[in-house]
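Summary of the model geometry
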Amino acid sequence: MTPSSAWNRVTEECMALGESPFWHPQEERLYWVDIGLKRVWRLHVPSDHLEHWDLTQEAGSIAPARNGGLLLALRDGIYLAATWHDTPQKLADAPYDTARIRFNDGKCDPWGRFWVGTYVETKDKPDGALYCLHTHNTKHPALVEVARGVMAANGLAWSPDSRSLYWADTANHQVDVYPMLGGGHWPPQVG
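Keep in mind the model is a prediction, meaning the values are calculated, not measured.

We now examine the side chain of Asn104. Positionally, Asn104 belongs in strand β9 (residues 101–108). Residue contacts for Asn104: discarding those within four places in its chain leaves Glu19, Ile35, Gly60, Ser61, Val116, Gly117, Thr118, Tyr119, Ala153 and Asn154.

Below, the structure written as structure tokens:
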């Protein structure tokens, strides 16, 4: 890739719906999911080596796990893959009707917890939600609903001081800002 002030394509491969990018500094790789093709992609930037991993269901998002591996928000639950191409192990079931809702955008917060929103495919009612997965010191991670009432959860981000959560509902064309009450305490609370 040649640096310039214009946008650059990182790959010539066609994507159906690329989302949830993250940079892995130790690996010098850019990761992302292709929801429509049921794939995870990664690009080794120094060598331009691109590879993909086919999944059996849609991956709405991906994030690096604190102790290594990858967290995958698939249609029917949250999974952990210990390594690239490893068989993902389910950490938590999806708490919704998987015939009409799937996980969508997800990211880890400054305290290492995985937050993930949903996408309502049927468009009949805004019963999507935002969840937070807590895996620290527990055999059975807790998936807690933090907010609800959306169609398409996207754009999760935290302010530089970690005091605010930004969360978009794409279908309603709005971005909400919630104060993070209690910081990294469990269960998470937004105001």
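Let us keep going from here.
In this section: the state of the cysteines. Evaluated as defined, the whole model comprises zero disulfides. Cys132 supplies the cysteine sulfur nearest to Cys108, a cysteine that is in no disulfide, at a spacing of 9.1 Å.

Moving on, we come to the environment of Ser20. Locating Ser20 in the fold gives a position in strand β1 (residues 18–24). The class of Ser20 is buried, set by a relative accessible area of 3%. Each C-alpha atom of the pair Ser20 and Val120 lies 17 Å from the other, and the pair is 100 residues apart in sequence. Setting aside its immediate chain neighbours within four residues, Ser20 contacts Tyr31, Trp32, Val33, Gly60, Ser61, Ile62, Asp105, Gly106 and Lys107.

Turning our eyes to something else, we now look at the environment of Ala16. Looking at the element boundaries, Ala16 is found in the segment before β1. Each C-alpha atom, one on Ala16 and one on Leu30, is 18 Å from the other, the two residues being 14 residues apart in sequence.

This paragraph deals with unusual backbone geometry. A positive phi is found at Ser162, a non-glycine position, where the angle reads about 65 degrees. Position of Ser162 relative to the elements: it lies in the loop between β13 (153–158) and β14 (164–169). Ser162 sits in the buried class, given a relative accessible area of 16%. Although it is not a glycine, His173 sits at a positive phi angle of roughly 55 degrees. Among the residues examined, His173 registers a relative accessible area of 73% and is labelled exposed.

Rules and cut-offs
- Residues numbered from 1 in each chain as written.
- Predicted model: local features only at pLDDT ≥ 70, side-chain atom pairs only at ≥ 80, totals over all residues.
- Heavy atoms only, no water.
- Helix = DSSP H or I, 4+ residues; strand = E, 2+ residues; numbered from the N terminus.
- Contact = heavy atoms within 4.5 Å.
- Disulfide = S-S within 2.5 Å.
- Buried < 20%, exposed > 50% of the residue type's maximum accessible area, 1.4 Å probe, protein only.

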